[in-house]
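Observations on chain architecture
So the chains spell out like this:
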Amino acid sequence: MMHGPGFFGGPGKAPDKQLSKVDARVYRWLLGLLFEYPSQVFFGVALMVVVSLTGLAGPYLLKVGLDRYVAGGDVAGLTGLAGLFVLIQAANFAAGYAQSYLMAWVGQQIIYRLRMRLFSHLQGLSFNFFDRLPAGAVMSRVTNDVDSLNQFVSSGLFSLVADTLTVVGIVVMMFYLHPAMALVAMLTVPALFGVTAFFSGRMRQAFHGVRRRLSEMNANLQESIAGVRVTQAFSREEVNLTRFEMVNQRNLEANLEAVTLFSIFLPLIDLIGSAGTALVLWHSGYLASLGDERITAGVVAAFLSYVARFFLPIRDLSQIYNIFQAAAVASERIYEFLDEKPQVADRPGASELGPVRGHIRLEGVHFAYEPRSNERAVLRGLSLEARPGEMIALVGPTGAGKTTVVNLVARFYDPQRGRVTVDGLDLREVTQRSWRRQVGVVLQETFLFSGTIHDNIACGQPGTTRDEVEAAARAANCHGFIARLPDGYETRVGERGVTLSAGQRQLVAIARALLTGPRVLILDEATASVDTQTEALIQEALDRMLQGRTALVVAHRLSTVRSADRIYFLEEGRVREAGTHQELLEIKGKYWELCRSQWGGDE
């Protein structure tokens, strides 16, 4: 049984903080991702400039056509102008297509590399991280948050640049045509900034809420799917449905809040744009009435066209702003993951551990899964020893700290005080990889990956031959049942190995551990959940494994530990008794009471 988070951790509270303001580091990080492709970005921006310039030419050509050729009745000049207009629009189309494709390519490359970085980073994080964060929340960040960032990087970011260039170009052209009218058109800009500033913080918080609620929903869904057998066995469907309805309702409310804000924001931008058009139209008429000779039909037509185009990219920018808000929150959540440092990490200068003899010692070890809580310490000054080639058994009541001991020996966690050593070397002074390659682990809850039985046995030794896998399977007493399967070693076991029985999965796990040739074995309740016949097969395989190796065995079934060289009885994180099976029986202490509770008076 486990105390605390257990061997592979467990679900807990996600470290999903409420972010009140933009972290500048996030945007520096995003720009760093973008400029991993400098030449593509440079050409993309150059193409954006071409798109912007060719787009600005249309209203100006309209002015020239009306004032010079239409007013003068010059059909030939108007024909040439129309041809030029077609060529410019063709160039606009070609540059727009090339720019869109190039920027989409850059965006997809960034997202691909980002997902690879996230996955690689997650693989290296310590167990304490996964103790705090449910698997569904982790999946949400790697999938949903990256997808949200993908929308912004692949299209929104470059549309933002293109629209900004267009707005700047339009302002320049309006001031060139008529400065006074341009100033009137600019009267609406403060209103645009005011509306944007008012909604920016609110929308960002709303989108952060959407991401949090989606993460909660994914975590609930993942847990419900993983536990579907327990759900049906205990007729828990209605309870699970109620829980899911609650998180789904919170997700709905968060999305409705974001949608409500955006549905107000966008029409306000349109309203301000209409006001700008009306101001320009009125002012042009006013200036014409005063006899301003610069107010011609062509200038008014071009100006109205520019004003309309001015608010189109502004409107687009407001839509991009929606994508940006979601992407900003997603970026911060992704960055929070990438910024997470493993608590168990190789120290600078950590040495590579050569072949070990297997002398394991725990010296005055204090440990808590929540380091700041002394009251919840699992181990309290615990010391024990396993000499090379010895089998050490850990027994005791649930919550005594047995699994925590093997967690520390495997260096899935580091003690807060004291030390764990192998052959006299503190495990914190050697690299994790060089130590774990010499440790074999067999757990009560065996995890098999989706794939073939061959792949699962060879997962710790890539490139292993079929003969080597079969030899390990024979030594683990699982070759017989594997050979009877339709596809033998190529039989696919399904997610978590659900197509095999608990005993069969355990035998495959023993074969997997045997194949690595470990010097130290950790057996955590390896026979706890199997029938008597399978237990005998497992015990025979374990006896074969233990020969010449140091072993730490956690067991509730005392029949599996009677032959141990030394048995440690743990209680409340301390060693209460230590000795051989016979020695502990003779003192008639806690181990003796445990034996009586299992065997009655027979022993």
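Rules behind the numbers
Residues numbered from 1 in each chain as written. Predicted model: local features only at pLDDT ≥ 70, side-chain atom pairs only at ≥ 80, totals over all residues. Heavy atoms only, no water. Buried < 20%, exposed > 50% of the residue type's maximum accessible area, 1.4 Å probe, protein only. Helix = DSSP H or I, 4+ residues; strand = E, 2+ residues; numbered from the N terminus. Arc of directions from axis to C-beta. Axes fitted to C-alpha atoms, helices over the stretch in contact; angles between N-to-C directions. Parallel < 35°, antiparallel > 145°, perpendicular 65-115°, else oblique. Left-handed = near helix turned anticlockwise from the far one by under 90°. Contact = heavy atoms within 4.5 Å. Nonpolar A, V, L, I, M, F, W, Y, C, P; charged D, E, K, R; others polar. Pairing = 2+ DSSP bridges. Phe/Tyr/Trp six-rings, centres within 6.5 Å; stacked < 30°, edge-to-face > 60°. Lys NZ or Arg CZ within 6 Å of the ring centre and 35° of its normal. pLDDT = per-residue confidence, 0-100. Core = buried A, V, L, I, M, F, W, Y, C linked by side-chain atoms within 4.5 Å. Disulfide = S-S within 2.5 Å.

Among all positions of helix α14 (residues 466-475), only Val469, Ala472, Ala473 and Ala475 are buried. For α14, the angular spread of buried residues about the axis comes to 165 degrees, placing them on one side. Just past α14, the residue Asn477 takes up positive phi, approximately 65 degrees.

A few words now on the packing of α14 against helix α16 (residues 502-515). Interhelical geometry of α14 versus α16 gives an angle of 125 degrees and a closest axis separation of 8 Å. By the criterion of interaxial angle, the relationship of α14 to α16 is oblique. As for the relative orientation of α14 and α16, their crossing is right-handed in sense. Between α14 and α16, the residues in contact are Glu468, Val469, Ala472, Ala473 and Ala475 and Ala511, Leu514 and Leu515, respectively. Looking at the contact of α14 with α16, its residues break down into seven nonpolar, no polar and one charged.

Attention shifts here to the sheet that holds strand β1 (residues 360-367). With respect to topology, four strands assemble into an open sheet ordered β2-β1-β4-β5, the strand pairing being antiparallel. Strands at the two margins of the open sheet, each flanked by one partner only, are β2 (379-386) and β5 (425-426). Two strands pair when backbone bridges link them, and β1 and strand β4 (residues 417-422) are joined in this way by five bridges, in the antiparallel orientation. The partner of Leu362 across the bridge, within β4, is Val420. Strand contacts of helix α11 (residues 402-409): β1, β2 and β4, with the helix running at about 115 degrees to β1, the strand carrying the most contacts.

Attention shifts here to the packing of aromatic side chains. If you walk through the whole model with that rule in mind, you get seven aromatic pairs. Measuring from centroid to centroid gives 5.6 Å for Phe42 and Phe43, while their planes differ by 70 degrees, and the two rings are edge-to-face. Neither residue differs from the other here; Phe42 and Phe43 are each classed as exposed. Geometrically, the ring pair formed by Tyr60 and Tyr176 is tilted, given 6.3 Å between the ring centres and 50 degrees between the ring planes. Of this pair, Tyr60 sits in helix α2 (residues 38-70) while Tyr176 sits in helix α5 (residues 135-177), and the two are 116 residues apart along the sequence. Judged by relative accessible area, which is 57%, Tyr176 ranks as exposed. Ring pairing ties together the aromatic residues Phe367, Tyr369 and Tyr413, which thus form one cluster. The aromatic ring of Phe198 is capped on one face by Arg202, whose charged end is 3.9 Å from the ring centroid.

Strands sit in the order β6-β7-β8-β3-β9-β10 across an open sheet of six strands; the sheet is mixed. Where the open sheet ends on each side, the last strands, each with one partner, are β6 (439-443) and β10 (574-579). For this sheet, the mean inter-axis angle between neighbouring strands, taken without regard to orientation, is 15 degrees. Summarising the sheet, strand β9 (residues 566-571) and β10 pair through five bridges and their orientation is antiparallel. Across the sheet, residue Leu570 finds its bridge partner in β10, namely Val575. Seen against the sheet, helix α19 (residues 590-599) touches β3 (391-395), β9 and β10 and runs at an angle of roughly 90 degrees to β9.

So, about the confidence of the model for the protein. Detailed reading of the predicted coordinates is not advisable wherever pLDDT falls low. Of all residues in the protein, 90% have pLDDT values of 70 or greater, and the mean over the chain is 81. Confidence drops under pLDDT 50 across residues 1-20; counting only partners more than four residues distant or on other chains, this segment forms 65 contacts.

Turning our attention to the nonpolar core. With 46 residues, the main nonpolar core has Ile457, Cys478, Ile482, Ile510, Val561, Ile567 and Tyr591 as its most contacted residues. Counting residues per element, this core draws most heavily on α16, which supplies eight residues. Excluding residues that lie within four positions of it along the chain, Cys478 makes contacts with Ala473, Leu507, Val508 and Ala511.

What follows is about the environment of Val442. Residue placement: Val442 occurs in strand β6. Measuring from C-alpha to C-alpha, the distance between Val442 and Glu525 comes to 8.3 Å, with 83 residues separating the pair along the chain.

Across all of its chains, the model carries zero disulfides by this definition. Not part of a disulfide, Cys459 finds its nearest cysteine sulfur in Cys478, a span of 13 Å.

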